[in-house]
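One letter stands for each residue in the lines below.
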Amino acid sequence: LSATEYASRKIGGELPGGISIRGLSGGERKRLALACVLPLKPKFIFIDEITSGLDAENAFLIMKLLKDLSVERRVSSVVIIHQPDPSIFALFDRLILLSKGRTVFSDSCIHLERFYHMNYGENLPMDVYLPGDLISKASTFDDVVSNKDILYRGGDTNYNMEERKETLVESVSTNTTRNASPGVMWKLFVVFQRNMVNQYVRNLTNVGARLVSYSALSAIVGTIFWQVGASDSNRGLNFEEASNVIRSTIFLLNISYLLPFASMSVFVADKKFLAAESALGLYSTWMYGASQLFLEFIVLTLISTVETAIVFFMCGMANPTVPSWISFLTVLSILTVSGLIGSTVVLCCSIWLPTQDLAFLVGSTICTISLALSGGFLPFHQMPDMPFAIQWISPIKYSYQGLLIAQLTGTSAETILQVSEYNTPPSVSGNLGVLCLFFVAIAALTAVGMARVKEVR
């Protein structure tokens, strides 16, 4: 397979945004696909049109490689192929020729001469393109069947079809009874493990990039708004200091709601696996959604802990009227739930919309409108009637209110919450409760989208 030679070569392909990277050629990618299968030590390999899109030389090289591997490793390879070159056709040991869903021939290729002689009264053609002639014979299969009571279709098809159907039904029924379907919890565990390995364990670059991005932006926000919430008074911030906190806190929420879009490419790519596995009925779509959201919750808890540890001390977010650890956990819980909602919005858009670009456009638009309605840029009491009336649809509003209530309650500037109408609902727990309802609603919409995902071939 020339693995050593190509080990350092990029596979290539198209990145999000239309950036194309030149890498392996079509033939090299086919060989890579075979190389990925071999470590599994399969007994059977099913391959669909492996020569499609390749020139004659590369098509033969791939098929010759597959034949050599099959013989060397004692693997049975079943290959679906259309109009093979004579040199490729000569590599096959057995042939199954189909026409309109019916078997024309199924046997060793050495019996093709008998097939021609018994059914068409001809010798095996030696001076014509044999694969093309077989396809021509398959197209006239119905005419041959109507004119003959007995038709030779190879040793593998020489049986009574009705008896074979009855035997097959009995066999399937017996095997179904004997091999019960795996339980719900086992399926959920397998899906959870697959998602964890594919999207997180094997994709540490993405997880690491997210962690670095959150940490870097948190440090930048902390540097810009250094100790903006700190106060020497036991009563906390005064009105002027509280105004600075109100303006700076909204920038912190940009991290929680906008950075999850970095993982959109992972969700979009995994959507193809969901569609294929759903079409096969391997598991219920809710299992995929539940495992995905739980994994994101774990990752976001880790990331939010790092984010909170940075901004809490750099921005001076501790409320002097309550213990520091309570203030820390309050900010952490708000940022974690906010990040989870941001990730769920990204997942929902990825599932419902057909392309990554469209999902990014719609998702970012939703977050931008939600930011505008949060009250962080324009206080609610100064908003025009129309945006004021629809402020309730913004999850960022409740994240923002929760952070302000956590920092200002009990301080000298607490009345600013009422004046600017940042008290609906008036407690941190109330705002967290509303955020949880937003999460449930978006997760339910995502689940509906997953149930509608169809495999596109």
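Definitions and limits used
- Residues numbered from 1 in each chain as written.
- Predicted model: local features only at pLDDT ≥ 70, side-chain atom pairs only at ≥ 80, totals over all residues.
- Heavy atoms only, no water.
- Helix = DSSP H or I, 4+ residues; strand = E, 2+ residues; numbered from the N terminus.
- Buried < 20%, exposed > 50% of the residue type's maximum accessible area, 1.4 Å probe, protein only.
- Contact = heavy atoms within 4.5 Å.
- Areas by Shrake-Rupley, 256 points an atom, 1.4 Å probe, with all protein chains shown as cover.
- Expected span 1.5 Å × (residues − 1).
- Patch = residues over 30% accessible without salt bridge, like charges linked within 9 Å, V, L, I, M, F, W, Y side chains within 5 Å.
- Salt bridge = Lys/Arg side-chain N within 4 Å of Asp/Glu carboxyl O.
- Core = buried A, V, L, I, M, F, W, Y, C linked by side-chain atoms within 4.5 Å.
- Arc of directions from axis to C-beta.
- Phe/Tyr/Trp six-rings, centres within 6.5 Å; stacked < 30°, edge-to-face > 60°.

Draft legend 1. Main features of the overall build of the protein chain. Of regular secondary structure, the protein chain possesses 19 helices and six strands. Expressed as a percentage of its 457 residues, the buried residues of the protein chain come to 41%. Here the contacts in the protein chain between residues at least 6 apart in sequence split such that 70% fall between residues at least 24 apart. Summed over all atoms, the accessible surface of the protein chain reaches about 25400 Å², with 62% contributed by carbon and sulfur.

Draft legend 2. How the structure looks around helix α14 (residues 324-352). In this model, α14 (29 residues) spans 42 Å end to end at C-alpha, consistent with the 42 Å of a helix rising 1.5 Å per residue. Across the 29 residues of α14, 23 count as buried, placing the element largely inside the fold.

Draft legend 3. Geometry of a nonpolar patch on the surface. Together, V322, W325, I326 and L329 make up an exposed nonpolar region whose accessible area comes to about 370 Å². As for its position among the elements, L329 is in helix α14.

Draft legend 4. Spotlight on the nonpolar core. Residues L253, M317, I341 and L403 are the most contacted members of the largest nonpolar core, which totals 75 residues. Not counting residues up to four positions away in its chain, the partners in contact with L253 are L335, S338, I396, S399, Y400 and L403. Counting residues in each nonpolar core, the second largest holds 16 residues, with I47, I50, L65 and L66 among its members.

Draft legend 5. Main features of the environment of P182. Within the secondary structure, P182 is located in the loop between α8 (161-178) and α9 (184-201). Owing to a relative accessible area of 46%, P182 belongs among the partly exposed residues under this scheme. For the pair formed by P182 and Y283, sequence separation is 101 residues and the distance between their alpha carbons is 9.7 Å.

Draft legend 6. Structural detail: the pattern of salt bridges. According to the stated counting rule, one finds four salt bridges in the structure shown. One salt bridge connects R210 with E296, and the closest N-O pair in it is separated by 3.1 Å. Here R210, found in helix α10 (residues 204-224), pairs with E296, found in helix α13 (residues 285-314); they are 86 residues apart in sequence, far enough to count as distant.

Draft legend 7. Main features of helix α6 (residues 130-139). Within α6, the full set of buried residues consists of L130, P131, D133, L134, K137 and A138. In an axial view of α6, the angular spread of the buried residues amounts to 160°, which keeps them on one side of the axis.

Draft legend 8. Fine view of the packing of aromatic side chains. Tallied over the entire structure, the rule returns 13 aromatic pairs. On the basis of an interplanar angle of 50° and a centroid distance of 5.9 Å, the ring pair of F192 and F294 is categorised as tilted. Placement of F192 in helix α9 and of F294 in helix α13 is noted, with a sequence separation of 102 residues between them. Judged by centre distance (5.5 Å) and plane angle (80°), the ring pair of F312 and F328 falls under edge-to-face. In this pair, F312 is assigned in helix α13 and F328 in helix α14, connecting sequence segments 16 residues apart.

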